[in-house]
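# What the coordinates show
Each chain, written out:
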Amino acid sequence: HKSEVWVDQQTDIVLKQTYYDARGLLFKEMQVKTLELIDGIWTVMHSDMLDIIDQDGAGAYSLALTDSDAIEAITSAIQHVATERASLGASQSRLE
């Protein structure tokens, strides 16, 4: 997952932040609408979170992995387990 942040250099306030899913698709964006100086500290008074993917409210956005992503994740996990087992087996045979 990835996020991009726009920070005001004078106030150190996050003015905008975008959120991307694992596939790199932009799905949310936060925007500051109102800042106020309170007791010498810049404070966000109003911000909006925009749902970029699902603007029509249909709920069409899915965080599910694609088939190729799932196959890649499973293959990687199997390779990791096989490597760990081989390493463990080598360690045990040295002990005997």
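See the structure shown above.
Attention here is on the structure that accompanies the text. (Residues numbered from 1 in each chain as written. Predicted model: local features only at pLDDT ≥ 70, side-chain atom pairs only at ≥ 80, totals over all residues. Heavy atoms only, no water.)

## Structural notes on the overall build of the chain
Summing up its helical and strand segments, the chain has 1 helix and 4 strands in all. Helices and strands appear in the chain in the N-to-C order β-β-β-β-α. In the chain, which comprises 96 residues, the proportion classed as buried is 11%. Long-range contacts, defined here as pairs at least 24 residues apart, represent 18% of the contacts in the chain between residues at least 6 apart. Approximately 7,600 Å² of the chain is accessible, and the part contributed by carbon and sulfur atoms is 54%. (Helix = DSSP H or I, 4+ residues; strand = E, 2+ residues; numbered from the N terminus. Buried < 20%, exposed > 50% of the residue type's maximum accessible area, 1.4 Å probe, protein only. Contact = heavy atoms within 4.5 Å. Areas by Shrake-Rupley, 256 points an atom, 1.4 Å probe, with all protein chains shown as cover.)

## Some thoughts on the environment of M49
Secondary-structure assignment places M49 in strand β4 (residues 41-51). Taking relative accessible area as the criterion, M49 reaches 46% and is therefore assigned partly exposed. The spatial distance from the C-alpha of M49 to the C-alpha of V32 is 8.9 Å, given a sequence separation of 17 residues. When sequence neighbours within four positions are dropped, the list of residues in contact with M49 reads Y19, K28, E29 and M30.

## Let's talk about the pairing of strand β1 (residues 2-7)
In this sheet, strand β2 (residues 14-20) lies alongside β1 in antiparallel orientation, the contact comprising 6 bridges. The residue of β2 that forms the bridge with E4 is T18. Between β1 and β2, which pair antiparallel one after the other, the connecting turn spans 6 residues, and D12 there sits at a positive phi close to 60 degrees. (Pairing = 2+ DSSP bridges.)

## Some details on the sheet that holds β4
Pairing within the open sheet is antiparallel, and its 4 strands lie in the order β1-β2-β3-β4. Two strands close off the open sheet at either side, each with one partner strand: β1 and β4. Geometrically, the sheet is characterised by an average inter-axis angle of 15 degrees between neighbouring strands, direction not taken into account. In the sheet, strand β3 (residues 26-38) pairs with β4 via 10 bridges, with the strands oriented antiparallel. By the bridge assignment for β4, V32 is matched with S47. (Axes fitted to C-alpha atoms, helices over the stretch in contact; angles between N-to-C directions.)

## Some remarks on the packing of aromatic side chains
Taken as a whole, this structure holds 0 aromatic pairs when the rule is applied. Across the ring face of Y20, the terminal group of K2 is positioned such that the distance to the ring centre comes to 5.3 Å. For K16, the ring lying beneath its charged end belongs to W6, and the centroid distance is 4.6 Å. (Phe/Tyr/Trp six-rings, centres within 6.5 Å; stacked < 30°, edge-to-face > 60°. Lys NZ or Arg CZ within 6 Å of the ring centre and 35° of its normal.)

## Overview of the pattern of salt bridges
Once their charged atoms are close, side chains differing in charge can pair, the charge on each being opposite to the other. Taken as a whole and judged by the stated rule, the model has 4 salt bridges. Between D21 and R23 there is a salt bridge, with the nearest N and O atoms lying 3.3 Å from each other. On the basis of relative accessible area, R23 is assigned to the partly exposed category, the value being 37%. When the shortest N-O distance is used, the salt bridge between D51 and K28 registers 3.9 Å. With D51 in strand β4 and K28 in strand β3, this pair connects stretches of sequence that are 23 residues apart. (Salt bridge = Lys/Arg side-chain N within 4 Å of Asp/Glu carboxyl O.)

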